[in-house]
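Structural characterization, general
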Amino acid sequence: MDLTTKLLIQSKENKSFLSFWTYNDDDKFWFGQVLDFNDELVFIQHYTKYGKKDGIIVTKISEIISIDFNDNYGKAMTFIIENSEELARENEFKFDYFESENWKTILLNQLKHRTEIITSVEINDEYFCGFIEDTDESNFVIKLIGSLGEDEGNALYKIEDITGFKINDIDNRKRLMLFNWRKKTAANN
(Lines give C-alpha, C1' and ligand atoms only; values in the text may rest on other atoms or scores of the structure.)
Protein backbone atom coordinates (compact mmCIF):
# COMPACT_ATOMS: atom_id res chain seq x y z
CA MET A 1 0.00 0.00 0.00
CA ASP A 2 1.44 3.39 -0.98
CA LEU A 3 1.66 6.42 1.35
CA THR A 4 -1.14 8.33 -0.39
CA THR A 5 -3.55 5.44 0.10
CA LYS A 6 -2.53 5.17 3.77
CA LEU A 7 -3.28 8.88 4.32
CA LEU A 8 -6.63 8.66 2.56
CA ILE A 9 -7.61 5.61 4.65
CA GLN A 10 -6.56 7.37 7.87
CA SER A 11 -8.62 10.44 7.03
CA LYS A 12 -11.67 8.39 6.11
CA GLU A 13 -11.52 6.08 9.14
CA ASN A 14 -10.41 8.63 11.78
CA LYS A 15 -12.20 11.64 10.30
CA SER A 16 -8.86 13.45 10.32
CA PHE A 17 -8.32 16.58 8.25
CA LEU A 18 -6.00 16.94 5.28
CA SER A 19 -4.98 19.79 2.99
CA PHE A 20 -4.90 18.85 -0.71
CA TRP A 21 -2.77 20.77 -3.22
CA THR A 22 -3.58 20.03 -6.87
CA TYR A 23 -1.97 20.68 -10.25
CA ASN A 24 -4.92 22.68 -11.55
CA ASP A 25 -4.82 25.27 -8.73
CA ASP A 26 -1.38 26.46 -7.62
CA ASP A 27 -2.60 29.24 -5.33
CA LYS A 28 -5.16 27.41 -3.19
CA PHE A 29 -5.66 24.12 -1.49
CA TRP A 30 -8.68 22.18 -0.31
CA PHE A 31 -9.09 21.41 3.36
CA GLY A 32 -11.29 18.61 4.54
CA GLN A 33 -11.90 14.96 5.35
CA VAL A 34 -11.90 12.04 2.97
CA LEU A 35 -15.42 10.67 2.62
CA ASP A 36 -14.42 7.92 0.21
CA PHE A 37 -11.99 7.09 -2.59
CA ASN A 38 -11.16 4.49 -5.19
CA ASP A 39 -8.16 3.86 -7.44
CA GLU A 40 -8.89 6.97 -9.51
CA LEU A 41 -10.99 9.46 -7.45
CA VAL A 42 -11.13 10.95 -3.97
CA PHE A 43 -14.27 12.45 -2.42
CA ILE A 44 -13.49 15.23 0.07
CA GLN A 45 -15.86 16.95 2.51
CA HIS A 46 -14.58 20.48 2.01
CA TYR A 47 -14.55 23.14 4.78
CA THR A 48 -14.26 26.91 4.51
CA LYS A 49 -11.59 28.83 6.38
CA TYR A 50 -14.34 29.67 8.90
CA GLY A 51 -15.01 26.02 9.74
CA LYS A 52 -18.24 25.52 7.80
CA LYS A 53 -18.93 22.62 5.48
CA ASP A 54 -18.62 23.75 1.88
CA GLY A 55 -19.75 20.89 -0.28
CA ILE A 56 -18.02 17.82 -1.58
CA ILE A 57 -15.04 17.97 -3.90
CA VAL A 58 -14.38 15.08 -6.25
CA THR A 59 -10.95 15.05 -7.89
CA LYS A 60 -8.60 12.62 -9.51
CA ILE A 61 -5.92 11.28 -7.21
CA SER A 62 -3.44 11.82 -10.05
CA GLU A 63 -4.18 15.59 -9.86
CA ILE A 64 -2.96 15.82 -6.25
CA ILE A 65 0.51 17.35 -5.96
CA SER A 66 0.82 17.00 -2.19
CA ILE A 67 -1.16 16.40 0.98
CA ASP A 68 -0.44 18.25 4.22
CA PHE A 69 -1.33 16.56 7.51
CA ASN A 70 -0.64 17.02 11.23
CA ASP A 71 0.48 20.57 10.49
CA ASN A 72 -0.13 23.86 12.29
CA TYR A 73 -2.90 24.86 9.87
CA GLY A 74 -4.72 21.55 10.25
CA LYS A 75 -4.64 21.72 14.05
CA ALA A 76 -5.90 25.32 14.05
CA MET A 77 -8.65 24.53 11.53
CA THR A 78 -9.78 21.48 13.50
CA PHE A 79 -10.32 23.81 16.47
CA ILE A 80 -12.19 26.33 14.26
CA ILE A 81 -14.45 23.59 12.85
CA GLU A 82 -15.24 22.35 16.36
CA ASN A 83 -16.13 25.94 17.38
CA SER A 84 -17.64 27.27 14.14
CA GLU A 85 -20.96 28.18 15.77
CA GLU A 86 -19.21 30.36 18.34
CA LEU A 87 -17.10 31.94 15.58
CA ALA A 88 -20.24 32.87 13.65
CA ARG A 89 -21.62 34.85 16.61
CA GLU A 90 -20.56 38.46 16.56
CA ASN A 91 -20.13 40.17 19.91
CA GLU A 92 -21.37 43.70 19.71
CA PHE A 93 -18.72 46.41 19.82
CA LYS A 94 -20.02 49.66 21.23
CA PHE A 95 -18.11 52.79 20.45
CA ASP A 96 -18.75 56.43 21.16
CA TYR A 97 -20.05 58.15 18.08
CA PHE A 98 -17.92 61.07 17.03
CA GLU A 99 -17.65 63.71 14.36
CA SER A 100 -14.12 64.92 14.37
CA GLU A 101 -11.07 65.27 12.24
CA ASN A 102 -9.34 63.25 14.99
CA TRP A 103 -11.59 60.22 14.38
CA LYS A 104 -8.62 57.87 13.99
CA THR A 105 -7.11 58.79 17.36
CA ILE A 106 -10.51 58.69 19.08
CA LEU A 107 -11.23 55.21 17.73
CA LEU A 108 -7.72 53.93 18.55
CA ASN A 109 -8.16 55.14 22.13
CA GLN A 110 -11.50 53.34 22.38
CA LEU A 111 -9.79 50.14 21.19
CA LYS A 112 -6.67 50.51 23.35
CA HIS A 113 -6.10 47.64 25.81
CA ARG A 114 -9.20 45.77 24.58
CA THR A 115 -8.10 42.14 24.42
CA GLU A 116 -11.58 40.78 23.68
CA ILE A 117 -11.50 42.33 20.22
CA ILE A 118 -9.02 42.23 17.35
CA THR A 119 -8.89 45.18 15.00
CA SER A 120 -7.60 45.40 11.45
CA VAL A 121 -6.05 48.77 10.72
CA GLU A 122 -5.75 49.71 7.05
CA ILE A 123 -2.54 51.49 6.09
CA ASN A 124 -1.70 52.05 2.42
CA ASP A 125 -4.15 49.36 1.22
CA GLU A 126 -2.74 46.75 3.60
CA TYR A 127 -4.37 45.51 6.81
CA PHE A 128 -2.48 44.99 10.06
CA CYS A 129 -4.45 42.91 12.57
CA GLY A 130 -4.15 42.74 16.32
CA PHE A 131 -4.67 44.47 19.66
CA ILE A 132 -4.14 48.22 20.02
CA GLU A 133 -1.54 48.47 22.77
CA ASP A 134 -0.80 52.19 23.01
CA THR A 135 -1.33 55.55 21.31
CA ASP A 136 0.04 59.05 21.46
CA GLU A 137 -0.72 62.15 19.39
CA SER A 138 1.05 60.82 16.26
CA ASN A 139 1.57 57.06 16.56
CA PHE A 140 0.05 53.85 17.78
CA VAL A 141 1.38 50.43 18.74
CA ILE A 142 -0.39 47.27 17.66
CA LYS A 143 0.34 43.73 18.87
CA LEU A 144 0.15 41.91 15.56
CA ILE A 145 -1.81 38.64 15.48
CA GLY A 146 -1.33 36.29 12.53
CA SER A 147 -4.10 34.57 10.60
CA LEU A 148 -3.67 31.40 12.68
CA GLY A 149 -3.66 33.30 15.99
CA GLU A 150 0.10 33.51 16.34
CA ASP A 151 1.64 36.47 18.23
CA GLU A 152 3.78 38.29 15.65
CA GLY A 153 5.15 40.95 18.01
CA ASN A 154 4.48 44.67 18.26
CA ALA A 155 4.75 47.34 15.57
CA LEU A 156 4.49 51.13 15.64
CA TYR A 157 2.69 53.04 12.89
CA LYS A 158 1.78 56.64 12.21
CA ILE A 159 -1.85 57.53 12.85
CA GLU A 160 -1.89 59.82 9.81
CA ASP A 161 -1.26 56.79 7.55
CA ILE A 162 -4.48 55.02 8.63
CA THR A 163 -7.14 54.86 5.91
CA GLY A 164 -9.68 52.60 7.62
CA PHE A 165 -10.56 49.98 10.23
CA LYS A 166 -12.25 46.59 10.40
CA ILE A 167 -13.46 45.80 13.88
CA ASN A 168 -14.64 42.38 15.02
CA ASP A 169 -15.27 40.98 11.53
CA ILE A 170 -15.20 37.20 11.08
CA ASP A 171 -11.49 37.12 10.13
CA ASN A 172 -10.63 39.01 13.30
CA ARG A 173 -12.92 36.83 15.41
CA LYS A 174 -11.13 33.79 13.98
CA ARG A 175 -7.72 35.30 14.84
CA LEU A 176 -8.91 36.05 18.37
CA MET A 177 -10.35 32.57 18.85
CA LEU A 178 -7.09 30.97 17.68
CA PHE A 179 -4.96 33.41 19.72
CA ASN A 180 -6.86 32.51 22.90
CA TRP A 181 -6.70 28.79 22.03
CA ARG A 182 -2.92 29.01 21.55
CA LYS A 183 -2.53 30.88 24.84
CA LYS A 184 -4.62 28.29 26.69
CA THR A 185 -2.78 25.38 25.04
CA ALA A 186 0.61 26.90 25.94
CA ALA A 187 -0.49 27.46 29.55
CA ASN A 188 -1.57 23.80 29.84
CA ASN A 189 1.80 22.50 28.59
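One structure accompanies this document, and this report is about it.

**Brief notes about the layout of surface pockets**
Of the pockets and cavities examined, the largest pocket occupies roughly 340 Å³. If you go around the largest pocket, you meet 15 residues; those closest to its centre are F29, T48, K49, Y73 and K174. Listing elements by their share of the lining of the largest pocket, those giving two or more residues are β2 (25-37), β3 (41-47) and α5 (170-188). Top contributing element to the lining of the largest pocket by residue count: β2, with 5 residues.

**As for the packing of helix α2 (residues 72-82) against α5**
Remark: α2 packs on α5, axes separated minimally by 10 Å, with the N-to-C direction vectors making an angle of 105°. Accordingly, the angle class assigned to the pair α2 and α5 is roughly perpendicular. On the side of α2, the interface is formed by N72, K75, A76, M77, F79 and I80, while α5 contributes K174, M177, L178, W181 and R182. Residues belonging to the contact of α2 with α5 are distributed by class as follows: 7 nonpolar, 1 polar and 3 charged.

So, how was this worked out
- Residues numbered from 1 in each chain as written.
- Predicted model: local features only at pLDDT ≥ 70, side-chain atom pairs only at ≥ 80, totals over all residues.
- Heavy atoms only, no water.
- 1 Å grid on protein atoms, 1.4 Å probe; cavity = no way out; pocket = protein on both sides within 12 Å on 5 of 7 lines; lining within 4 Å.
- Points joined across faces, edges and corners; volume = space filled by probe spheres on them.
- Helix = DSSP H or I, 4+ residues; strand = E, 2+ residues; numbered from the N terminus.
- Axes fitted to C-alpha atoms, helices over the stretch in contact; angles between N-to-C directions.
- Parallel < 35°, antiparallel > 145°, perpendicular 65-115°, else oblique.
- Contact = heavy atoms within 4.5 Å.
- Nonpolar A, V, L, I, M, F, W, Y, C, P; charged D, E, K, R; others polar.

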